[in-house]
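# Structure at a glance
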Amino acid sequence: MKVLGIETSCDETGIALVDSEEGLLAHALYSQIALHADYGGVVPELASRDHIRKTVPLIREVLSAAGKDLSALSGIAYTAGPGLVGALLVGASIARSLAWSLNIPAIGVHHMEGHLLMPLLENGSITPPFMALLVSGGHTLLVEVQALGSYRILGQSLDDAVGEAFDKTAKLLGLGYPGGPALAKLAERGQPDRFHFPRPMTDRPGLDFSFSGLKTFAMNTILKNTSAENPDIQNSLDEQTRADIAQAFEQAVVDTLVLKCRRALQLTGLNHLIVAGGVGANLRLRERLNALAKASNVQVDFPSVEFCTDNGAMIAHAGMLRLHAGQADNLTIRATPRWQLDGLSPI
Ligand code: KG4
Ligand code: ZN
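Definitions and cut-offs
- Residues numbered from 1 in each chain as written.
- Chains lettered and ligands numbered in written order.
- Predicted model: local features only at pLDDT ≥ 70, side-chain atom pairs only at ≥ 80, totals over all residues.
- Heavy atoms only, no water.
- Helix = DSSP H or I, 4+ residues; strand = E, 2+ residues; numbered from the N terminus.
- Buried < 20%, exposed > 50% of the residue type's maximum accessible area, 1.4 Å probe, protein only.
- Contact = heavy atoms within 4.5 Å.
- Donors = N, O, S within 2.8 Å, 3.2 Å for Na, K, Ca; no water.
- Pairing = 2+ DSSP bridges.

Within the element layout of this structure, Leu141 appears in strand S7 (residues 140–147). Taking relative accessible area as the criterion, Leu141 reaches 5% and is therefore assigned buried. Linking Leu141 and Leu207, residues 66 residues apart in sequence, is a C-alpha distance of 9.2 Å. Those residues in contact with Leu141 that lie beyond four places of it in its chain are Ala132, Leu133, Leu134, Ile153, Gly155, Gln156 and Leu341.

Right, let's talk about the coordination of the zinc ion (ligand 2) for a bit. Listed as protein donors to the zinc ion (ligand 2) are His111 (NE2), His115 (NE2) and Asp310 (OD); their distances from the metal cover 2.0 to 2.1 Å. Expressed as a motif, the donor residue spacing for the zinc ion (ligand 2) is H-x3-H-x194-D. Here Asp310 lies in the loop between strand S10 (299–301) and helix H11 (312–324) and His111 lies in helix H4 (residues 111–122), a separation of 199 residues in the sequence. Classification of His111 as buried rests on a relative accessible area of 6%.

Here strand S2 (residues 12–19) runs beside strand S3 (residues 23–31); their pairing, made up of 8 bridges, is antiparallel. Paired with Ala16 across the two strands is His27, which belongs to S3. Taking the residues between adjacent antiparallel strands as the criterion, S2 and S3 are bridged by 3 residues.

Geometry only, nothing functional implied.
Pasting the structure below:
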C-alpha cells in the first residue's frame, strides 16, 4: 500500500510517499528557518501561512519524484498533534479533503510516534520490545515500547525540553535559531574542563529530566566572564570562551541523557535503545550512546541524521502502519495541539 505523509506541526513542511513493501519512495522538506530567523523563534501565524503556500506544491513534487500520481495512493497520513494548532490545521485540512476527494482513508498521526517509529522505516529488522529516547524541541521522553502503539512513559522533562534548552542557551551565546546545530558546531572548538555544568537530577533515583537550570547556569557563566564595562554581553565574550561554554553545556546535556538511558535499560532489563527526534542528530550524543552500546552489550539505533529532525517520511510511515492494521479516522479534521503519547491505541 502507498501512503502519503504530511507533516506541518511546526516550522517544517514535510511530505513523503512510502510503500508498505518498498519503503520510502520519495520525500521533500521545506524549512521555514529563514522566515522566523529575525524573530529568534517560530511565529505561529507566519508558520501556518507558509504551510498553506508550500504543502500542495510539495505533494506534487513528491509524487512526480516517485513517478506516481494521486490514483496510486491507498491512504493519507497527517500530523494531528502535538504542535501549533494553526500549522496542524493546514496539514489536516489538506490531507482530509484530498483523501475524501480520492475516496481513500486518512489518519491523524501523533508527531512523537512518528519520530519514535522512524528508525523502523530505515531498518526493518527493529522490533519491540525496546526503550526509546525521544529528544526534540518540545519533548524529552524515555518510553518503554512493549508493542507498537503501546507506550509507557518512564521519564520526561519537568521543564524545558532538551532541544529547547539547546535553543535557549544558543540564543544566550548569540547564535541564531534553531540553536541546537549551531551550538553543537561551536562546541567542537571548545576546550574540555574549563567550565563544569551540573548534570541535573542525576544524583537522585528516577528517570525524569530538568534542563531549565542549565540555561540559567549558562547565563551566570557568561556574566562571570563578561567585562563589566561592556553592556553587550554576547559580543564581549571572546570566541574561545563562547566555544568553551557551548562545549561544557553540551557535555552536561549528553552526560545526563546517557546516564538516564543506562538507568532506564537497567531498570527494565531491556537491551535495545532507539533514539529519535531533532537532538538525536547531535553527534556527541550519538558517539556516547554508541560507546554505551559497545560497553554494555546493548543495541542502539538512530535514524539517519537527516530523519532525526521533522520530516514527512516519519508521518507517512507511522500512518501506514496504522492504516495497514485497518485503523483509519472518520471524516473529522483532527488538530490536537496537546496530545499524550501514552494514550494511543495499539497498532
Ligand atoms: O524533532 P525536531 O525537528 O522538532 C520538534 O519536534 O521539536 O527537533 C528540533 C530540535 C531543536 O530544538 C533543535 O535545536 C534541535 O532539535 N537540534 C539539535 C541538533 N539538531 C537539531 N540539538 C543539538 N544538536 C543538534 N545537532
Ligand atoms: Zn519533531
